[in-house]
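Next come the chains, spelled out residue by residue.
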Amino acid sequence: MDYLPIMNKSINYTQPLSREQILRPQEKAKNSTFLLFTYPEAGKNKYELNEESVVIGRSEGNIIIPSNTISRSHAKVLFSNGEYYIEDMNSTNGIYVNSMKVKRCVLRDGDTFQVGEADFVFVEEHNTLI
C-alpha cells in the first residue's frame, strides 16, 4: 500500500492514500510556444504557434510583414515529430537562424532568426499547469 507523508500541526505521521487520491488523474501540463518578433514599421509582436504550420511572408501567410526584403511566402515554421522547424520557402534573401543561413533547421527555445528585416525569437515554455 502507498503512503503519503502528511504534516499535522507539530505531529509528523503517515497515512494510507485514499482511493480517490490514487485514482485522481494527474494534472496536465500545457506548453506555450510562440514567436516574438520586431520589424521597423510595427514594433514588437507576439504570435502563438497553435497551428501545425505558420507561413511568414510579405503578402501571403499567417504572419504578414509588408517589406520588400521579404518574399511573398518567405518561410514556414512547422511542427513535426514533436519538434518545431523553420524552413525557407525558396525565398530571394533566405533565412538566418542564430546568424547562420539555413534552408531548414530545428528550432530550440531562445533561438533567433531573421526573415528579411524582421527579427524573431522562438520561445517554448513548458509545464504551465492547466
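Keep in mind the model is a prediction, meaning the values are calculated, not measured.

### Quick look at the pairing of strand E7 (residues 75-80)
With four bridges joining them, strand E5 (residues 53-57) and E7 adopt antiparallel strand pairing. Bridging across to E7, Val55 finds its partner in Lys76. Two elements, E7 and strand E8 (residues 83-88), share six bridges in a ladder whose sense is antiparallel. When the bridges of E8 are listed, Leu78 appears paired with Tyr85.

### Describing the confidence of the model for the chain
On average, residues of the chain score 81 in pLDDT, and 72% of them are at 70 or above. Looking across the chain, the model is least confident in strand E1 (residues 3-8), with a mean pLDDT of 44, and most confident in strand E9 (residues 95-97), with 98. Under a pLDDT of 50 for its full length, residues 1-13 has, in the predicted model, 18 contacts with residues more than four places off or in other chains. Every residue in residues 24-30 is under pLDDT 50, and counting partners more than four places away or in other chains gives nine contacts.

### Observations regarding the sheet that holds E8
Across the sheet, five strands lie side by side as E6-E5-E7-E8-E11; this open sheet has mixed pairing. Because the sheet does not close on itself, it has two edges, and the strands there are strand E6 (63-64) and strand E11 (104-107). Examined bridge by bridge, E8 and E11 share four bridges and lie antiparallel to one another. Of the residues in E11, the one forming a bridge with Tyr84 is Leu107.

The rules behind these values
Residues numbered from 1 in each chain as written. Predicted model: local features only at pLDDT ≥ 70, side-chain atom pairs only at ≥ 80, totals over all residues. Heavy atoms only, no water. Pairing = 2+ DSSP bridges. Helix = DSSP H or I, 4+ residues; strand = E, 2+ residues; numbered from the N terminus. pLDDT = per-residue confidence, 0-100. Contact = heavy atoms within 4.5 Å.

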